[in-house]
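Coordinates in review
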Amino acid sequence: MSPEFLLTIILLLSILGKNYSVAIATTFVIFITLLRVDKFFPLLEKYTLTGGIILLSIWVLIPIAVGKIGVKEIFHFMVTPVGLIVILAGISVAVLAASGVSLLSVNPEMSTGIVVGSLIGVAFFHGLPVGPMIGAGIVAFILKIFSWISDFWC
């Protein structure tokens, strides 16, 4: 099966699943492949994760920049029970994302499964497709648990 065919299937599934972020990304990759400028793939592979994290960070920081959130609100919220849970969740997703990036760099074929799972989550469960690294991190965590159990029982 050609890469273009597989990408076309992902594109169709993402459109059917109303996952337009994946549809746009897939269209971009198909476009680069068809133009035969895929020599840029290593460069894109190296820098797009960082670029995406930068864009997400900008999105998170805009409420501070426009004055919706100030120092007083941040410190007040951080010492509440919910604030502490949010901080723990932030730590957890950062650690999971790091594990996910490591897992995907060793097993890139898993990214397709995460994309398919994301498409299903968006199409049928009204989810948002923002967590491939977190998804891979969860997989890495579950695999680590299975490994611990296997080591314990064997």
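Residues numbered from 1 in each chain as written. Predicted model: local features only at pLDDT ≥ 70, side-chain atom pairs only at ≥ 80, totals over all residues. Heavy atoms only, no water.

1. Some remarks on the nonpolar core
- Ranked by size, the top nonpolar core spans five residues in total: Leu-103, Leu-104, Ile-114, Ala-136 and Ala-140.
- If you list the elements that add at least two residues to this core, you get α5 (81-106) and α7 (132-153). (Core = buried A, V, L, I, M, F, W, Y, C linked by side-chain atoms within 4.5 Å. Buried < 20%, exposed > 50% of the residue type's maximum accessible area, 1.4 Å probe, protein only. Helix = DSSP H or I, 4+ residues; strand = E, 2+ residues; numbered from the N terminus.)

2. Things to note about the pattern of salt bridges
- Applying the stated criterion across every chain yields a total of one salt bridge.
- Note that Arg-36 is salt-bridged to Glu-4, the shortest N-O span being 3.7 Å. Placement of the pair is Arg-36 in the loop between α2 (20-34) and α3 (41-65) and Glu-4 in helix α1 (residues 3-16), with a sequence separation of 32 residues.
- Arg-36 gets classed as exposed once you look at its relative accessible area, which sits at 57%. (Salt bridge = Lys/Arg side-chain N within 4 Å of Asp/Glu carboxyl O.)

3. Points about the side chain of Ser-14
- Considering the arrangement of structural elements, one finds Ser-14 in helix α1.
- Judged by relative accessible area, which is 0%, Ser-14 ranks as buried.
- Among the polar contacts made by the side chain of Ser-14, one reaches the main-chain amide nitrogen of Ala-23 at a distance of 3.5 Å.
- In this view, Ser-14 contacts Asn-19, Val-22, Ala-23 and Leu-119; residues no more than four positions away in its chain are not counted. (Polar contact = N/O pair within 3.5 Å; in protein donor to acceptor, adjacent residues only side chain to side chain. Contact = heavy atoms within 4.5 Å.)

4. Notes on the environment of Phe-77
- Relative to the elements of secondary structure, Phe-77 occurs in helix α4 (residues 71-78).
- Every residue in contact with Phe-77, bar those within four places of it in the chain, is listed here: Val-82, Gly-83 and Val-86.

5. Describing helix α6 (residues 110-125)
- Counted at 1.5 Å a residue, the expected span for α6 with its 16 residues is 22 Å, and the 21 Å between its end C-alpha atoms agrees.
- Within α6 the residues assigned to the buried category are Ile-114, Leu-119, Gly-121 and Val-122. Taken end-on, α6 shows its buried residues confined to a sector of 160°, consistent with a single buried face. (Expected span 1.5 Å × (residues − 1). Arc of directions from axis to C-beta.)

6. A short note on the packing of aromatic side chains
- Across all of its chains, the model carries one aromatic pair by this definition.
- Ring geometry for Phe-152 against Trp-153: centres 5.2 Å apart, planes inclined by 80°, an arrangement best described as edge-to-face.
- Take Phe-152: its relative accessible area is 64%, and that puts it in the exposed class.
- Under the relative-accessibility criterion, Trp-153 is labelled exposed at 68%. (Phe/Tyr/Trp six-rings, centres within 6.5 Å; stacked < 30°, edge-to-face > 60°.)

By themselves, these are just geometric observations and shouldn't be taken as functional.
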